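Take a look at the letters that make up each chain.
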Amino acid sequence: AHIVLPRHEKYVDANGLIRQFGSVIISPEKVAVLKERAGNAHLVRDKKGWGKIYQTTLLVKMTCLLLNKLATLDPDGIGIEMEADKPSWYDALNGLPGVFGSAVPETFELKRMVQFLRDHLEKIGIGDDYKINLPEEMQRFFLGLESLLIDSAKLPAYDFWDKASSLKEKYREDTKFGITGKEKVVSGSAYMKFLGLCLQKIDAGLIKAMDPGSGLYFTYYTHEAGKFSYIKDKKGKKHSHKGWPCVTIKKFRKRPLPLFLEAEVHYLKTEKSHNKIKQLYEAMKRSPLYDQELGMYKVNASLAKEPADFGRCTVFSPGWLENESIWLHMEYKYLLELLNSGLYEEFFTEFEKAGICFQKAPVYGRSILENSSFIVSSAFPDSRMWGRGCVARLSGSTAEFLEMWIMMTVGGKPFRLNDQGELTLEFKPVLPRGYFTNEGIFSCKFLGTTQLVYHNSKHIDTYANDFKIKNIEINWLDVTKEVISGSSIGHHVAARVRSQEARQIDIFF
(Lines give C-alpha, C1' and ligand atoms only; values in the text may rest on other atoms or scores of the structure.)
Protein backbone atom coordinates (compact mmCIF):
# COMPACT_ATOMS: atom_id res chain seq x y z
CA ALA A 1 0.00 0.00 0.00
CA HIS A 2 1.15 3.57 -0.67
CA ILE A 3 0.76 5.80 2.37
CA VAL A 4 1.56 9.52 2.57
CA LEU A 5 3.25 9.95 5.94
CA PRO A 6 2.72 13.05 8.11
CA ARG A 7 5.37 15.70 8.65
CA HIS A 8 6.91 14.24 11.83
CA GLU A 9 7.36 10.72 10.43
CA LYS A 10 10.65 9.56 8.98
CA TYR A 11 11.30 6.44 6.95
CA VAL A 12 13.97 4.81 4.85
CA ASP A 13 13.17 4.60 1.14
CA ALA A 14 14.12 1.86 -1.32
CA ASN A 15 17.52 3.49 -1.86
CA GLY A 16 18.29 3.59 1.83
CA LEU A 17 17.76 7.35 2.07
CA ILE A 18 15.95 8.85 5.06
CA ARG A 19 12.92 10.89 3.94
CA GLN A 20 10.88 13.34 5.98
CA PHE A 21 7.58 12.73 4.18
CA GLY A 22 6.25 11.25 0.92
CA SER A 23 5.03 7.88 -0.36
CA VAL A 24 6.59 4.60 0.65
CA ILE A 25 5.69 0.95 0.28
CA ILE A 26 5.21 -0.53 3.76
CA SER A 27 3.78 -3.66 5.33
CA PRO A 28 0.01 -4.26 5.77
CA GLU A 29 0.55 -4.27 9.53
CA LYS A 30 2.07 -0.79 9.43
CA VAL A 31 -0.75 0.34 7.12
CA ALA A 32 -3.34 -0.72 9.72
CA VAL A 33 -1.53 1.21 12.46
CA LEU A 34 -1.28 4.37 10.37
CA LYS A 35 -4.93 4.17 9.26
CA GLU A 36 -6.04 3.82 12.88
CA ARG A 37 -3.99 6.86 13.85
CA ALA A 38 -5.14 8.91 10.85
CA GLY A 39 -8.83 8.24 11.28
CA ASN A 40 -9.84 10.80 8.69
CA ALA A 41 -8.19 12.82 5.94
CA HIS A 42 -9.51 16.13 7.33
CA LEU A 43 -7.42 16.65 10.45
CA VAL A 44 -6.61 19.48 12.83
CA ARG A 45 -2.93 19.46 13.75
CA ASP A 46 -1.76 19.11 17.31
CA LYS A 47 1.85 19.14 18.49
CA LYS A 48 2.31 15.54 17.40
CA GLY A 49 0.78 16.09 13.99
CA TRP A 50 -2.68 14.59 14.59
CA GLY A 51 -5.89 15.94 16.04
CA LYS A 52 -9.66 16.00 15.89
CA ILE A 53 -11.78 16.03 12.74
CA TYR A 54 -12.64 19.58 11.73
CA GLN A 55 -16.33 20.16 10.99
CA THR A 56 -17.76 23.18 9.22
CA THR A 57 -20.64 24.40 7.06
CA LEU A 58 -21.40 23.98 3.37
CA LEU A 59 -20.84 27.74 2.92
CA VAL A 60 -17.27 27.47 4.22
CA LYS A 61 -16.57 24.46 1.98
CA MET A 62 -17.84 26.36 -1.06
CA THR A 63 -15.73 29.35 0.00
CA CYS A 64 -12.66 27.11 -0.01
CA LEU A 65 -13.48 26.06 -3.59
CA LEU A 66 -14.19 29.66 -4.63
CA LEU A 67 -10.88 30.98 -3.28
CA ASN A 68 -8.78 28.26 -4.90
CA LYS A 69 -10.50 28.59 -8.27
CA LEU A 70 -10.35 32.39 -8.31
CA ALA A 71 -6.62 32.25 -7.54
CA THR A 72 -6.17 29.83 -10.45
CA LEU A 73 -7.31 32.22 -13.19
CA ASP A 74 -4.72 32.34 -15.98
CA PRO A 75 -2.28 35.26 -16.46
CA ASP A 76 -4.91 37.19 -18.48
CA GLY A 77 -7.72 36.47 -16.01
CA ILE A 78 -9.74 34.66 -18.70
CA GLY A 79 -9.69 30.90 -18.16
CA ILE A 80 -8.87 28.68 -15.21
CA GLU A 81 -5.47 27.02 -15.42
CA MET A 82 -5.19 23.26 -15.93
CA GLU A 83 -2.90 22.89 -12.93
CA ALA A 84 -4.16 19.37 -12.12
CA ASP A 85 -2.63 18.06 -15.40
CA LYS A 86 -6.10 17.33 -16.82
CA PRO A 87 -8.18 19.35 -19.33
CA SER A 88 -11.56 18.74 -17.62
CA TRP A 89 -14.47 17.54 -19.84
CA TYR A 90 -12.66 17.53 -23.18
CA ASP A 91 -10.11 14.92 -22.17
CA ALA A 92 -8.90 14.47 -25.77
CA LEU A 93 -6.95 17.73 -25.27
CA ASN A 94 -4.76 15.79 -22.87
CA GLY A 95 -1.62 17.64 -23.99
CA LEU A 96 -2.97 21.11 -23.23
CA PRO A 97 -2.03 21.20 -19.52
CA GLY A 98 1.61 20.79 -20.56
CA VAL A 99 1.57 24.06 -22.54
CA PHE A 100 0.06 26.26 -19.81
CA GLY A 101 -3.49 25.53 -20.93
CA SER A 102 -6.53 27.24 -19.43
CA ALA A 103 -10.26 26.75 -19.94
CA VAL A 104 -13.13 29.27 -20.11
CA PRO A 105 -15.99 26.83 -19.22
CA GLU A 106 -14.58 26.55 -15.70
CA THR A 107 -14.64 30.35 -15.44
CA PHE A 108 -18.34 30.33 -16.34
CA GLU A 109 -18.92 27.66 -13.68
CA LEU A 110 -17.03 29.79 -11.15
CA LYS A 111 -19.37 32.64 -12.05
CA ARG A 112 -22.37 30.35 -11.55
CA MET A 113 -21.14 29.45 -8.07
CA VAL A 114 -20.64 33.11 -7.10
CA GLN A 115 -24.13 33.94 -8.40
CA PHE A 116 -25.57 30.99 -6.48
CA LEU A 117 -23.95 32.08 -3.23
CA ARG A 118 -24.95 35.71 -3.65
CA ASP A 119 -28.56 34.94 -4.60
CA HIS A 120 -29.13 32.59 -1.67
CA LEU A 121 -27.39 34.80 0.87
CA GLU A 122 -29.43 37.79 -0.30
CA LYS A 123 -32.62 35.80 0.29
CA ILE A 124 -31.80 35.37 3.96
CA GLY A 125 -30.74 39.04 4.20
CA ILE A 126 -27.27 38.66 5.70
CA GLY A 127 -25.50 41.73 7.06
CA ASP A 128 -22.89 42.74 9.64
CA ASP A 129 -24.63 40.65 12.31
CA TYR A 130 -24.20 37.48 10.22
CA LYS A 131 -20.92 35.79 11.17
CA ILE A 132 -19.04 33.34 8.97
CA ASN A 133 -16.38 31.33 10.82
CA LEU A 134 -13.47 30.49 8.52
CA PRO A 135 -10.37 28.48 9.47
CA GLU A 136 -7.64 31.01 10.11
CA GLU A 137 -5.62 29.75 7.13
CA MET A 138 -8.60 30.29 4.84
CA GLN A 139 -9.35 33.69 6.34
CA ARG A 140 -5.81 34.87 5.49
CA PHE A 141 -6.34 33.58 1.95
CA PHE A 142 -9.69 35.40 1.82
CA LEU A 143 -8.26 38.73 2.98
CA GLY A 144 -5.30 38.48 0.61
CA LEU A 145 -7.52 37.91 -2.42
CA GLU A 146 -9.93 40.61 -1.26
CA SER A 147 -7.08 43.13 -1.23
CA LEU A 148 -6.04 42.07 -4.75
CA LEU A 149 -9.62 42.31 -6.02
CA ILE A 150 -9.99 45.84 -4.64
CA ASP A 151 -6.88 46.85 -6.58
CA SER A 152 -7.64 44.72 -9.67
CA ALA A 153 -8.94 47.67 -11.72
CA LYS A 154 -5.49 49.29 -11.66
CA LEU A 155 -3.53 46.05 -11.28
CA PRO A 156 -2.32 44.43 -14.52
CA ALA A 157 -3.78 40.95 -15.08
CA TYR A 158 -0.32 39.39 -14.88
CA ASP A 159 0.39 40.99 -11.50
CA PHE A 160 -2.95 39.74 -10.17
CA TRP A 161 -2.09 36.25 -11.39
CA ASP A 162 1.38 36.37 -9.84
CA LYS A 163 0.21 37.59 -6.44
CA ALA A 164 -2.91 35.40 -6.35
CA SER A 165 -0.85 32.33 -7.24
CA SER A 166 1.52 33.11 -4.36
CA LEU A 167 -1.44 33.41 -1.96
CA LYS A 168 -2.78 30.07 -3.18
CA GLU A 169 0.58 28.34 -2.81
CA LYS A 170 0.98 29.74 0.71
CA TYR A 171 -2.53 28.53 1.65
CA ARG A 172 -1.82 25.04 0.31
CA GLU A 173 1.48 24.89 2.15
CA ASP A 174 -0.21 25.95 5.39
CA THR A 175 -2.92 23.28 5.06
CA LYS A 176 -0.90 20.49 3.47
CA PHE A 177 -0.82 18.39 6.65
CA GLY A 178 -3.87 19.79 8.45
CA ILE A 179 -5.04 23.03 10.01
CA THR A 180 -4.67 24.59 13.43
CA GLY A 181 -8.41 24.50 14.11
CA LYS A 182 -8.52 28.16 15.07
CA GLU A 183 -11.22 30.23 13.37
CA LYS A 184 -11.54 33.86 12.34
CA VAL A 185 -14.81 35.67 11.67
CA VAL A 186 -15.84 37.33 8.40
CA SER A 187 -19.01 39.41 8.56
CA GLY A 188 -21.89 38.77 6.19
CA SER A 189 -21.63 42.22 4.62
CA ALA A 190 -17.87 41.78 4.02
CA TYR A 191 -18.55 38.40 2.43
CA MET A 192 -21.22 39.84 0.12
CA LYS A 193 -18.85 42.65 -0.89
CA PHE A 194 -16.22 40.01 -1.68
CA LEU A 195 -18.67 38.12 -3.94
CA GLY A 196 -19.38 41.35 -5.83
CA LEU A 197 -15.65 41.91 -6.37
CA CYS A 198 -15.32 38.32 -7.61
CA LEU A 199 -18.03 38.87 -10.21
CA GLN A 200 -16.35 42.03 -11.45
CA LYS A 201 -13.04 40.20 -11.88
CA ILE A 202 -14.65 37.20 -13.58
CA ASP A 203 -16.76 39.30 -15.96
CA ALA A 204 -13.73 41.40 -16.94
CA GLY A 205 -11.97 38.21 -18.02
CA LEU A 206 -14.95 36.73 -19.84
CA ILE A 207 -15.29 39.89 -21.95
CA LYS A 208 -11.80 39.16 -23.27
CA ALA A 209 -12.83 35.57 -24.10
CA MET A 210 -15.24 36.72 -26.80
CA ASP A 211 -14.15 36.10 -30.39
CA PRO A 212 -15.06 39.31 -32.28
CA GLY A 213 -15.13 37.48 -35.60
CA SER A 214 -17.78 34.88 -34.73
CA GLY A 215 -19.49 36.50 -31.75
CA LEU A 216 -18.83 33.30 -29.75
CA TYR A 217 -16.58 32.53 -26.81
CA PHE A 218 -13.22 30.85 -27.12
CA THR A 219 -13.03 27.74 -24.95
CA TYR A 220 -9.31 27.03 -24.55
CA TYR A 221 -6.07 29.01 -24.42
CA THR A 222 -2.38 28.18 -24.35
CA HIS A 223 0.31 30.45 -22.93
CA GLU A 224 3.93 30.86 -23.96
CA ALA A 225 6.65 32.52 -21.94
CA GLY A 226 7.15 35.83 -23.73
CA LYS A 227 9.66 37.26 -21.31
CA PHE A 228 11.61 35.52 -18.57
CA SER A 229 14.80 35.59 -16.54
CA TYR A 230 16.94 32.78 -15.14
CA ILE A 231 16.92 32.18 -11.40
CA LYS A 232 20.49 32.23 -10.13
CA ASP A 233 22.05 30.70 -7.06
CA LYS A 234 25.62 30.66 -5.76
CA LYS A 235 26.63 28.22 -8.47
CA GLY A 236 25.14 30.31 -11.27
CA LYS A 237 21.87 29.14 -12.78
CA LYS A 238 19.53 27.25 -10.52
CA HIS A 239 18.36 23.86 -11.86
CA SER A 240 15.38 21.65 -11.07
CA HIS A 241 15.73 18.07 -9.77
CA LYS A 242 15.53 16.98 -13.42
CA GLY A 243 18.37 19.26 -14.46
CA TRP A 244 16.31 21.93 -16.23
CA PRO A 245 17.18 25.61 -15.61
CA CYS A 246 14.69 27.42 -13.36
CA VAL A 247 13.21 30.68 -14.61
CA THR A 248 10.89 33.47 -13.52
CA ILE A 249 8.33 34.23 -16.24
CA LYS A 250 7.60 37.95 -16.45
CA LYS A 251 5.20 37.96 -19.39
CA PHE A 252 3.01 35.42 -21.20
CA ARG A 253 1.68 35.35 -24.75
CA LYS A 254 -1.79 33.83 -24.87
CA ARG A 255 -3.16 31.99 -27.90
CA PRO A 256 -6.77 30.84 -28.30
CA LEU A 257 -7.55 27.48 -29.84
CA PRO A 258 -10.25 27.25 -32.54
CA LEU A 259 -13.87 27.39 -31.40
CA PHE A 260 -15.30 24.59 -29.25
CA LEU A 261 -18.97 24.02 -28.43
CA GLU A 262 -18.24 23.65 -24.73
CA ALA A 263 -17.84 27.34 -23.82
CA GLU A 264 -21.15 28.31 -25.45
CA VAL A 265 -22.98 25.68 -23.37
CA HIS A 266 -21.55 27.03 -20.12
CA TYR A 267 -22.25 30.62 -21.17
CA LEU A 268 -25.94 29.76 -21.60
CA LYS A 269 -26.04 28.51 -18.00
CA THR A 270 -25.07 31.95 -16.69
CA GLU A 271 -26.86 34.31 -19.10
CA LYS A 272 -30.32 35.61 -18.16
CA SER A 273 -30.94 37.97 -21.08
CA HIS A 274 -33.27 36.43 -23.67
CA ASN A 275 -31.95 38.75 -26.39
CA LYS A 276 -28.30 37.85 -25.75
CA ILE A 277 -29.10 34.15 -25.80
CA LYS A 278 -30.94 34.61 -29.09
CA GLN A 279 -27.90 36.45 -30.52
CA LEU A 280 -25.60 33.61 -29.53
CA TYR A 281 -27.96 31.06 -31.08
CA GLU A 282 -27.92 32.96 -34.38
CA ALA A 283 -24.12 33.31 -34.22
CA MET A 284 -23.86 29.54 -33.70
CA LYS A 285 -25.78 28.92 -36.93
CA ARG A 286 -23.22 31.06 -38.83
CA SER A 287 -20.17 29.55 -37.15
CA PRO A 288 -17.92 26.65 -38.20
CA LEU A 289 -19.43 24.68 -35.29
CA TYR A 290 -22.66 24.25 -37.25
CA ASP A 291 -22.75 21.34 -39.69
CA GLN A 292 -24.84 22.63 -42.58
CA GLU A 293 -25.18 19.18 -44.18
CA LEU A 294 -26.57 17.46 -41.08
CA GLY A 295 -28.17 20.39 -39.25
CA MET A 296 -26.17 19.43 -36.14
CA TYR A 297 -23.46 21.00 -33.97
CA LYS A 298 -19.84 19.85 -34.02
CA VAL A 299 -17.80 19.58 -30.86
CA ASN A 300 -15.08 21.83 -32.29
CA ALA A 301 -14.02 23.73 -35.38
CA SER A 302 -11.16 22.55 -37.60
CA LEU A 303 -7.91 21.60 -35.82
CA ALA A 304 -6.00 21.13 -39.08
CA LYS A 305 -3.50 23.88 -38.24
CA GLU A 306 -2.99 22.87 -34.62
CA PRO A 307 0.11 21.00 -33.38
CA ALA A 308 -0.13 17.39 -32.28
CA ASP A 309 1.15 18.16 -28.78
CA PHE A 310 -2.23 19.68 -27.85
CA GLY A 311 -3.70 16.22 -27.46
CA ARG A 312 -4.90 13.03 -29.11
CA CYS A 313 -7.87 14.77 -30.77
CA THR A 314 -5.48 16.21 -33.37
CA VAL A 315 -4.54 12.76 -34.71
CA PHE A 316 -8.11 11.73 -35.62
CA SER A 317 -9.51 12.36 -39.09
CA PRO A 318 -11.78 15.43 -39.20
CA GLY A 319 -15.36 14.44 -38.38
CA TRP A 320 -14.29 11.33 -36.50
CA LEU A 321 -14.17 10.62 -32.76
CA GLU A 322 -13.11 13.71 -30.75
CA ASN A 323 -12.10 15.84 -33.74
CA GLU A 324 -14.86 17.91 -35.37
CA SER A 325 -17.48 15.18 -34.96
CA ILE A 326 -21.00 15.55 -33.56
CA TRP A 327 -20.14 14.59 -30.00
CA LEU A 328 -23.64 13.78 -28.81
CA HIS A 329 -23.14 14.47 -25.12
CA MET A 330 -22.07 18.09 -25.72
CA GLU A 331 -24.59 18.69 -28.50
CA TYR A 332 -27.40 17.53 -26.20
CA LYS A 333 -26.03 19.83 -23.50
CA TYR A 334 -26.38 22.72 -25.94
CA LEU A 335 -29.93 21.71 -26.90
CA LEU A 336 -30.88 21.38 -23.24
CA GLU A 337 -29.67 24.91 -22.50
CA LEU A 338 -31.72 26.28 -25.42
CA LEU A 339 -34.74 24.63 -23.80
CA ASN A 340 -33.87 25.90 -20.32
CA SER A 341 -33.36 29.40 -21.74
CA GLY A 342 -36.91 29.54 -23.08
CA LEU A 343 -36.00 29.48 -26.80
CA TYR A 344 -38.74 26.92 -27.44
CA GLU A 345 -39.25 27.46 -31.17
CA GLU A 346 -35.50 27.37 -31.76
CA PHE A 347 -35.10 24.28 -29.58
CA PHE A 348 -37.69 22.21 -31.43
CA THR A 349 -36.28 23.33 -34.79
CA GLU A 350 -32.86 22.03 -33.76
CA PHE A 351 -34.11 19.00 -31.83
CA GLU A 352 -35.98 17.59 -34.82
CA LYS A 353 -32.75 17.70 -36.81
CA ALA A 354 -30.32 16.60 -34.10
CA GLY A 355 -32.44 14.32 -31.91
CA ILE A 356 -31.53 10.66 -32.43
CA CYS A 357 -35.19 9.62 -32.40
CA PHE A 358 -35.69 11.71 -35.57
CA GLN A 359 -32.77 10.24 -37.52
CA LYS A 360 -33.16 8.04 -40.59
CA ALA A 361 -32.22 4.54 -39.47
CA PRO A 362 -30.34 3.56 -42.68
CA VAL A 363 -28.16 6.67 -42.36
CA TYR A 364 -27.75 6.44 -38.59
CA GLY A 365 -26.80 2.78 -38.93
CA ARG A 366 -28.21 1.77 -35.55
CA SER A 367 -31.53 1.70 -33.73
CA ILE A 368 -32.83 5.26 -33.35
CA LEU A 369 -33.89 4.27 -29.82
CA GLU A 370 -30.19 4.21 -28.86
CA ASN A 371 -27.83 7.11 -28.41
CA SER A 372 -24.25 7.13 -29.72
CA SER A 373 -20.93 8.46 -28.49
CA PHE A 374 -20.53 10.51 -31.64
CA ILE A 375 -22.02 11.01 -35.09
CA VAL A 376 -19.73 11.29 -38.09
CA SER A 377 -19.95 14.87 -39.33
CA SER A 378 -19.67 16.22 -42.88
CA ALA A 379 -16.02 17.10 -42.14
CA PHE A 380 -15.19 13.40 -42.61
CA PRO A 381 -13.58 12.65 -46.00
CA ASP A 382 -15.99 9.81 -46.89
CA SER A 383 -19.50 11.26 -47.42
CA ARG A 384 -21.04 7.77 -47.15
CA MET A 385 -20.32 7.91 -43.41
CA TRP A 386 -21.97 11.28 -42.74
CA GLY A 387 -24.67 10.95 -40.07
CA ARG A 388 -23.49 7.49 -38.94
CA GLY A 389 -23.76 6.90 -35.20
CA CYS A 390 -20.73 5.30 -33.51
CA VAL A 391 -20.14 4.01 -29.99
CA ALA A 392 -16.62 4.58 -28.73
CA ARG A 393 -17.64 4.52 -25.06
CA LEU A 394 -20.70 4.93 -22.85
CA SER A 395 -22.32 8.29 -23.57
CA GLY A 396 -23.42 10.87 -21.03
CA SER A 397 -26.01 12.13 -23.52
CA THR A 398 -28.72 10.00 -21.91
CA ALA A 399 -28.74 12.26 -18.84
CA GLU A 400 -29.34 15.35 -21.00
CA PHE A 401 -32.01 13.55 -23.02
CA LEU A 402 -33.90 12.57 -19.87
CA GLU A 403 -33.73 16.14 -18.57
CA MET A 404 -35.05 17.46 -21.89
CA TRP A 405 -37.81 14.83 -21.73
CA ILE A 406 -38.82 15.89 -18.21
CA MET A 407 -38.82 19.57 -19.21
CA MET A 408 -40.97 18.86 -22.28
CA THR A 409 -43.50 16.58 -20.60
CA VAL A 410 -44.01 18.07 -17.13
CA GLY A 411 -41.84 21.20 -16.82
CA GLY A 412 -38.60 21.78 -14.94
CA LYS A 413 -39.92 21.56 -11.36
CA PRO A 414 -43.38 20.00 -11.14
CA PHE A 415 -43.08 19.53 -7.36
CA ARG A 416 -42.28 22.61 -5.30
CA LEU A 417 -43.04 24.32 -1.99
CA ASN A 418 -45.48 27.24 -1.86
CA ASP A 419 -45.08 30.35 0.30
CA GLN A 420 -46.50 28.45 3.27
CA GLY A 421 -43.90 25.69 2.87
CA GLU A 422 -46.46 23.17 1.62
CA LEU A 423 -45.85 20.69 -1.18
CA THR A 424 -47.62 21.53 -4.46
CA LEU A 425 -47.71 19.94 -7.91
CA GLU A 426 -48.06 21.91 -11.13
CA PHE A 427 -47.59 20.64 -14.68
CA LYS A 428 -46.01 23.05 -17.17
CA PRO A 429 -45.31 21.00 -20.30
CA VAL A 430 -43.33 22.47 -23.20
CA LEU A 431 -44.83 20.70 -26.22
CA PRO A 432 -45.46 21.98 -29.76
CA ARG A 433 -48.81 21.31 -31.38
CA GLY A 434 -47.27 18.78 -33.76
CA TYR A 435 -46.46 16.40 -30.90
CA PHE A 436 -50.19 15.76 -30.30
CA THR A 437 -52.31 13.19 -32.16
CA ASN A 438 -55.09 14.25 -34.51
CA GLU A 439 -57.43 13.90 -31.55
CA GLY A 440 -55.23 16.27 -29.54
CA ILE A 441 -53.73 13.64 -27.23
CA PHE A 442 -50.21 13.39 -25.83
CA SER A 443 -49.54 10.63 -23.30
CA CYS A 444 -46.49 9.52 -21.30
CA LYS A 445 -45.50 7.99 -17.97
CA PHE A 446 -45.04 10.18 -14.91
CA LEU A 447 -42.91 8.95 -12.00
CA GLY A 448 -42.54 5.65 -13.81
CA THR A 449 -46.02 4.30 -12.99
CA THR A 450 -48.68 7.01 -13.48
CA GLN A 451 -50.16 7.45 -16.95
CA LEU A 452 -50.21 11.17 -17.81
CA VAL A 453 -52.61 12.23 -20.58
CA TYR A 454 -52.80 15.76 -22.00
CA HIS A 455 -55.98 16.75 -23.87
CA ASN A 456 -55.27 19.55 -26.35
CA SER A 457 -58.37 19.67 -28.59
CA LYS A 458 -57.46 23.11 -30.00
CA HIS A 459 -53.96 21.95 -31.00
CA ILE A 460 -52.03 24.87 -29.55
CA ASP A 461 -48.39 25.00 -28.44
CA THR A 462 -48.40 24.47 -24.68
CA TYR A 463 -45.85 27.29 -24.29
CA ALA A 464 -48.09 29.81 -26.07
CA ASN A 465 -49.18 32.86 -24.09
CA ASP A 466 -52.86 31.89 -24.12
CA PHE A 467 -52.21 28.33 -22.88
CA LYS A 468 -53.56 27.33 -19.48
CA ILE A 469 -54.83 24.22 -17.73
CA LYS A 470 -58.60 24.18 -17.24
CA ASN A 471 -58.99 21.18 -14.96
CA ILE A 472 -57.27 17.98 -13.84
CA GLU A 473 -58.81 14.54 -13.30
CA ILE A 474 -56.98 12.03 -11.12
CA ASN A 475 -57.90 8.35 -11.11
CA TRP A 476 -56.46 6.69 -8.01
CA LEU A 477 -55.36 3.09 -7.67
CA ASP A 478 -58.25 2.51 -5.22
CA VAL A 479 -60.65 3.24 -8.15
CA THR A 480 -61.78 6.60 -6.71
CA LYS A 481 -61.63 9.77 -8.81
CA GLU A 482 -60.77 13.38 -8.01
CA VAL A 483 -61.34 16.50 -10.14
CA ILE A 484 -59.31 19.69 -9.55
CA SER A 485 -60.11 23.06 -11.13
CA GLY A 486 -57.14 25.09 -12.32
CA SER A 487 -53.52 24.11 -12.73
CA SER A 488 -52.19 23.76 -9.16
CA ILE A 489 -52.58 20.59 -7.09
CA GLY A 490 -52.58 21.12 -3.31
CA HIS A 491 -50.28 19.48 -0.80
CA HIS A 492 -52.42 16.50 0.31
CA VAL A 493 -53.19 15.40 -3.26
CA ALA A 494 -49.64 16.22 -4.44
CA ALA A 495 -48.23 13.99 -1.70
CA ARG A 496 -50.45 11.10 -2.81
CA VAL A 497 -49.36 11.56 -6.45
CA ARG A 498 -45.72 11.64 -5.40
CA SER A 499 -46.29 8.42 -3.46
CA GLN A 500 -47.39 6.87 -6.80
CA GLU A 501 -50.99 6.28 -5.70
CA ALA A 502 -52.39 7.74 -8.96
CA ARG A 503 -53.17 5.34 -11.80
CA GLN A 504 -53.86 8.03 -14.43
CA ILE A 505 -53.91 11.83 -14.54
CA ASP A 506 -55.88 13.55 -17.32
CA ILE A 507 -55.15 17.23 -17.93
CA PHE A 508 -57.47 19.38 -20.03
CA PHE A 509 -56.29 22.65 -21.58
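Look above for the structure.
Enquirer: Looking at this structure, how should I read the sheet that holds strand β22 (residues 441-446)?
Expert: What holds strands together in a sheet is hydrogen bonding between their backbones, with the strands either parallel or antiparallel. Reading across from one edge, β22-β23-β27-β24-β25 is the order of the five strands in this open sheet, with mixed pairing throughout. Either end of the sheet is taken by a strand with one partner, and the two such strands are β22 and β25 (481-485). Strand-to-strand twist across the sheet, computed as the mean angle between neighbouring axes with direction ignored, equals 15°. Where strand β23 (residues 450-455) meets strand β27 (residues 502-508), five bridges bridge the pair, whose relative direction is parallel. Each residue of the ladder has a partner; that of Gln451, found in β27, is Gln504. Each of β22 and β23 is contacted by helix α12 (residues 397-409), which is oriented at about 125° to β22, the strand it contacts most.

Enquirer: Please clarify how the packing of aromatic side chains should be interpreted in this entry.
Expert: Describing an aromatic ring pair means giving the distance of the ring centres and the angle of the ring planes. Going through the model one piece at a time under the given rule, you end up with 36 aromatic pairs. Ring geometry for Phe142 against Phe194: centres 4.3 Å apart, planes inclined by 35°, an arrangement best described as tilted. Of this pair, Phe142 sits in helix α4 (residues 136-150) while Phe194 sits in helix α6 (residues 188-208); the two residues are 52 residues apart in sequence, bridging distant segments of the chain. Between Phe348 and Tyr463, the aromatic rings sit 6.1 Å apart at their centres with planes inclined by 10°, giving stacked as the arrangement. Here Tyr463 lies in the loop between β23 and β24 (471-476) and Phe348 lies in helix α10 (residues 344-354), a separation of 115 residues in the sequence. Looking at Phe348, the relative accessible area reads 4%, which means it is buried. Grouping aromatic residues by their ring pairs yields a cluster made of Tyr332, Tyr344, Phe347, Phe348, Phe351, Phe358, Phe401, Tyr435 and Tyr463. Sitting over the ring of Phe160, Lys201 keeps its end group 4.0 Å from the ring centre. The aromatic ring of Trp476 is capped on one face by Arg496, whose charged end is 3.9 Å from the ring centroid.

Enquirer: I keep staring at the state of the cysteines and nothing clicks. Help me out?
Expert: Disulfide: a covalent bond formed between the sulfur atoms of two cysteine residues. Across all of its chains, the model carries zero disulfides by this definition. Cys444 supplies the cysteine sulfur nearest to Cys357, a cysteine that is in no disulfide, at a spacing of 14 Å. The exposure class assigned to Cys357 is partly exposed, which follows from its relative accessible area of 35%.

Cut-offs applied
Residues numbered from 1 in each chain as written. Predicted model: local features only at pLDDT ≥ 70, side-chain atom pairs only at ≥ 80, totals over all residues. Heavy atoms only, no water. Pairing = 2+ DSSP bridges. Helix = DSSP H or I, 4+ residues; strand = E, 2+ residues; numbered from the N terminus. Axes fitted to C-alpha atoms, helices over the stretch in contact; angles between N-to-C directions. Contact = heavy atoms within 4.5 Å. Phe/Tyr/Trp six-rings, centres within 6.5 Å; stacked < 30°, edge-to-face > 60°. Buried < 20%, exposed > 50% of the residue type's maximum accessible area, 1.4 Å probe, protein only. Lys NZ or Arg CZ within 6 Å of the ring centre and 35° of its normal. Disulfide = S-S within 2.5 Å.

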